[in-house]
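Remarks on the overall topology
Residue-level listing of the chains:
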Amino acid sequence: MFYIILFSIAVFMLGATVGSAVKCLIDRRKNIKTWATGRSKCPFCGKVLKWYELIAFFSFIMLRGKCSKCKAKIPLSYFIYECVFGLVFLCLSIGIFKK
């Protein structure tokens, strides 16, 4: 049972990471930035995010949805993308291993 829970958390986090990357690519495409290079930044003050601020899902919760420097609210769409992709990955993994 422990391994199933651990595997489910890992699959959800993988999906959340993919969702975060997809949202980042969408935003960078809209702003005509290079999508494969550069670090993630606060959309308001331009602060380059540290590695622990890039952890999908948990960083949004730890920072309470705000930038650590300027305290501006991070758009909820980032969190929604991460949650949706995490749940999709989880549902797909359950469907695959249920057979």
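Heads up: the structure comes first, above all this text.
All figures in this text were calculated on a predicted structure; none of them were measured in a lab. (Residues numbered from 1 in each chain as written. Predicted model: local features only at pLDDT ≥ 70, side-chain atom pairs only at ≥ 80, totals over all residues. Heavy atoms only, no water.)

Notes on the overall build of the chain
- Scanning the chain from terminus to terminus reveals 3 helices and 0 strands.
- Secondary structure elements of the chain occur, N-terminal to C-terminal, as α-α-α.
- For the C-alpha atoms alone, the extent of the chain along its principal axes is close to 45 × 25 × 20 Å.
- For the chain, the proportion of its 99 residues judged to be buried stands at 25%.
- A fraction of 53% describes how many contacts in the chain between residues 6 or more apart in sequence connect residues 24 or more apart.
- Total accessible area on the chain is roughly 7,400 Å²; 72% of this is exposed by carbon and sulfur atoms. (Helix = DSSP H or I, 4+ residues; strand = E, 2+ residues; numbered from the N terminus. Buried < 20%, exposed > 50% of the residue type's maximum accessible area, 1.4 Å probe, protein only. Contact = heavy atoms within 4.5 Å. Areas by Shrake-Rupley, 256 points an atom, 1.4 Å probe, with all protein chains shown as cover.)

A look at the pattern of salt bridges
- Counted according to the given criterion, the structure contains 1 salt bridge.
- In this structure, Lys47 engages Glu53 in a salt bridge whose closest nitrogen and oxygen atoms are separated by 2.8 Å. Taken as a pair, Lys47 and Glu53 share a single burial class, namely buried. (Salt bridge = Lys/Arg side-chain N within 4 Å of Asp/Glu carboxyl O.)

Quick word on a nonpolar patch on the surface
- A surface patch of nonpolar side chains, amounting to about 790 Å² of accessible area, comprises Phe7, Leu76, Ile80, Val84, Val88, Leu92, Ile96 and Phe97.
- Counting residues per element, the nonpolar patch draws most heavily on helix α3 (residues 76-98), which supplies 7 residues.
- Mapping Leu92 onto the fold places it in helix α3. (Patch = residues over 30% accessible without salt bridge, like charges linked within 9 Å, V, L, I, M, F, W, Y side chains within 5 Å.)

Some details on the nonpolar core
- Grouped together as the largest cluster of nonpolar side chains are 8 residues: Phe12, Met13, Ala16, Ala56, Phe57, Phe60, Phe79 and Cys83.
- Elements with a contribution of two residues or more to this core: α1 (2-30) and α3.
- The leading source of residues in this core is α1, at 3 residues. (Core = buried A, V, L, I, M, F, W, Y, C linked by side-chain atoms within 4.5 Å.)

As for the packing of aromatic side chains
- Under the definition given, this model contains 4 aromatic pairs.
- Centre to centre, the rings of Phe2 and Tyr3 are 5.8 Å apart; their planes meet at 65°, and the pair counts as edge-to-face.
- Here the aromatic rings of Trp51 and Tyr52 are separated by 5.7 Å at their centres, their planes lie at 90°, and the arrangement is edge-to-face.
- Classification of Trp51 by relative accessible area gives exposed; the value is 65%.
- Overall, Tyr52 belongs to the partly exposed group, its relative accessible area being 37%.
- Looking at Lys23, its charged tip hangs above the ring of Tyr78, at a distance of 5.2 Å from the centre. (Phe/Tyr/Trp six-rings, centres within 6.5 Å; stacked < 30°, edge-to-face > 60°. Lys NZ or Arg CZ within 6 Å of the ring centre and 35° of its normal.)

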